[in-house]
Amino acid sequence: MLDVDSQKPPKGKWSTPPFDPRFPNQNQTRNCYQNFLDYHRCVKRMSRRGKSAQPCEYYFRVFHSLCPRSWVSRPRGRRRLAGGARVEGPVQLSRRPPPPRPPAPPQVQRWTEQIQEGTFAGKI
Amino acid sequence: QLGLQDATSPIMEELLHFHDHTLMIVFLISSLVLYIISLMLTTKLTHTSTMDAQEVETVWTILPAIILILIALPSLRILYMMDEINNPSLTVKTMGHQWYWSYEYTDYEDLNFDSYMIPTQELKPGELRLLEVDNRVILPMEMTVRMLISSEDVLHSWAVPSLGLKTDAIPGRLNQTTLMAMRPGLYYGQCSEICGSNHSF
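Residues numbered from 1 in each chain as written. Chains lettered and ligands numbered in written order. Predicted model: local features only at pLDDT ≥ 70, side-chain atom pairs only at ≥ 80, totals over all residues. Heavy atoms only, no water.

Where an unreviewed UniProt entry is consulted, chain B appears under the name Cytochrome c oxidase subunit 2, with the organism given as Nyctereutes procyonoides. Its UniProt record gives chain B the following Catalytic activity (unreviewed entry) comment, quoted word for word: "4 Fe(II)-[cytochrome c] + O2 + 8 H(+)(in) = 4 Fe(III)-[cytochrome c] + 2 H2O + 4 H(+)(out)". Quoted verbatim from the Sequence similarities (unreviewed entry) heading of the UniProt record, the comment on chain B is "Belongs to the cytochrome c oxidase subunit 2 family." (UniProt positions renumbered as here; feature names shortened; annotations may be inferred.)

Some thoughts on the UniProt feature "domain: Cytochrome oxidase subunit II copper A binding" (unreviewed entry) in chain B
UniProt feature "domain: Cytochrome oxidase subunit II copper A binding" (unreviewed entry): in the numbering of this structure it lies at residues 87-201 of chain B. Between the C-alpha atoms that bound residues 87-201 of chain B the distance is 33 Å, and the span itself is 0% helix and 36% strand. (Helix = DSSP H or I, 4+ residues; strand = E, 2+ residues; numbered from the N terminus.)

Considering unusual backbone geometry
All names here are of chain B. Residue Gln98 is joined to Trp99 through a cis peptide bond whose omega torsion reads 10°. Along the chain, the position of Trp99 falls in the loop between strand E1 (90-97) and strand E2 (100-105). You will see that Leu130, though not glycine, has its phi angle at about 65°, which is positive. Relative to the elements of secondary structure, Leu130 occurs in the loop between strand E3 (111-115) and strand E4 (145-151). A positive phi angle is found at Glu142, which is not glycine, with a value near 55°. Along the chain, Glu142 falls in the loop between E3 and E4.

A short note on the confidence of the model for chain B
With 100% of its residues at a pLDDT of 70 or more, chain B shows a mean pLDDT of 92. At the level of chain-chain contacts, confidence expressed as ipTM amounts to 0.82, with global pTM at 0.79. (pLDDT = per-residue confidence, 0-100.)

Comments concerning the UniProt feature "transmembrane region" (unreviewed entry) in chain B
Residue and element names in this part refer to chain B. The sites that UniProt annotates as "transmembrane region" (unreviewed entry) are residues 21-41 and 61-80. From the first C-alpha to the last, residues 21-41 spans 31 Å; its make-up is 100% helix and 0% strand. Taken as a whole, residues 61-80 contains 100% helix and 0% strand, while its terminal C-alpha atoms sit 29 Å from one another.

With respect to the nonpolar core
The biggest cluster of nonpolar side chains holds 20 residues, and the ones touching the most others in it are Cys32, Trp71, Val72 and Trp111 of chain A. Taken together, the elements giving at least two residues each to this core come down to helix H1 (29-48), helix H2 (57-66) and helix H3 (69-72) of chain A. The element contributing the most residues to this core is H1 of chain A, with 7 residues. Residues within four places of Val72 of chain A in sequence aside, it is in contact with Phe36, Phe63, Cys67, Arg110, Trp111 and Thr112 of chain A. In terms of nonpolar packing, the next biggest core, distinct from the first, is built from 19 residues, Phe113, Val145, Val160 and Leu165 of chain B among them. (Core = buried A, V, L, I, M, F, W, Y, C linked by side-chain atoms within 4.5 Å. Buried < 20%, exposed > 50% of the residue type's maximum accessible area, 1.4 Å probe, protein only. Contact = heavy atoms within 4.5 Å.)

A few points about the state of the cysteines
Residue and element names in this part refer to chain A. Considering all chains together, one arrives at 2 disulfides over all chains under this definition. What pairs with Cys32 in a disulfide is Cys67, and their sulfur atoms sit 2.1 Å apart. Residues Cys32 and Cys67 share a disulfide whose torsion about the S-S bond is about 115°; that sign makes it right-handed. Separated by 35 residues along the polypeptide, Cys32 in helix H1 and Cys67 in the loop between H2 and H3 bring together distant segments of the chain. For the pair formed by Cys32 and Cys67, the shared burial category is buried. Disulfide pairing places Cys42 opposite Cys56 at an S-S distance of 1.9 Å. Taking the sign of the torsion about the S-S bond as the criterion, the disulfide between Cys42 and Cys56, at about -80°, is left-handed. Here Cys42, found in helix H1, pairs with Cys56, found in the loop between H1 and H2; they are 14 residues apart in sequence, far enough to count as distant. In this pair, the class of Cys42 matches that of Cys56, namely buried. Cysteine pairing for chain A (bonded cysteines numbered in sequence order): 1-4, 2-3. (Disulfide = S-S within 2.5 Å.)

If you want it as structure tokens, here you go:
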């Protein structure tokens, strides 16, 4: 399991994305997508002006908290356990091997990959 | 077990009371109707000419309207209570798959895990059939938690009756619900939208 330090909130006041009055209803898809766009736009403009991208960190935290990781990027293959050991694949918390999964549908390209390939539909 | 599970969240408590209130009204109406039917069937009185029944018709129009208002007002109160703005302290994402749930805690460090139902053959004594899972979702109590629910393949629905929650998991859409558990404990739920051969498993 995770060690205690990783369960404490980081220094500063960030805990979780606050209520956004632009998206007050149940459907938060747009909230996630908008913050993702805002982050990339912020980074692009800051780097164009030669400034640090530190103010963009808010948008990154919000979309990182809200967006399912399968929408944003391919899951990273390496994960850290308590004690600093790294393992391949997701954390094995289960006490038994999972049953065989059905064949996966054709992979939808994730947003980050689409941005890198230039096929992302949003305007950044 | 008879009736709804014990409430764990304030919304569920309200729903329990509303359910009791509405069910009492329903029982009263049903018993009144049954009584009147029994009277009709057991009387020897007959009356075949045209009747003027203005007063009773007024009563049995106004009275149901009042009863419906008595049901609707608490219902709307709870509905708006569920929509109150609250600033959550934690966000947990859950993605429905065929046929398991995966959970993501990404506010601080990234924690992702899959949660499969334990097959009946592997249950230990005392565990509940079709309800136990291998990796449980752990949540803090007395803190507002934002749950974001979506799906990776087909429609699912994430439901925890004790908390009064049921939210559909729709691929491509992120549904939000908030929960607040007022007491520690272990609460179960099953997938509530048909999703294939192992639905609810």
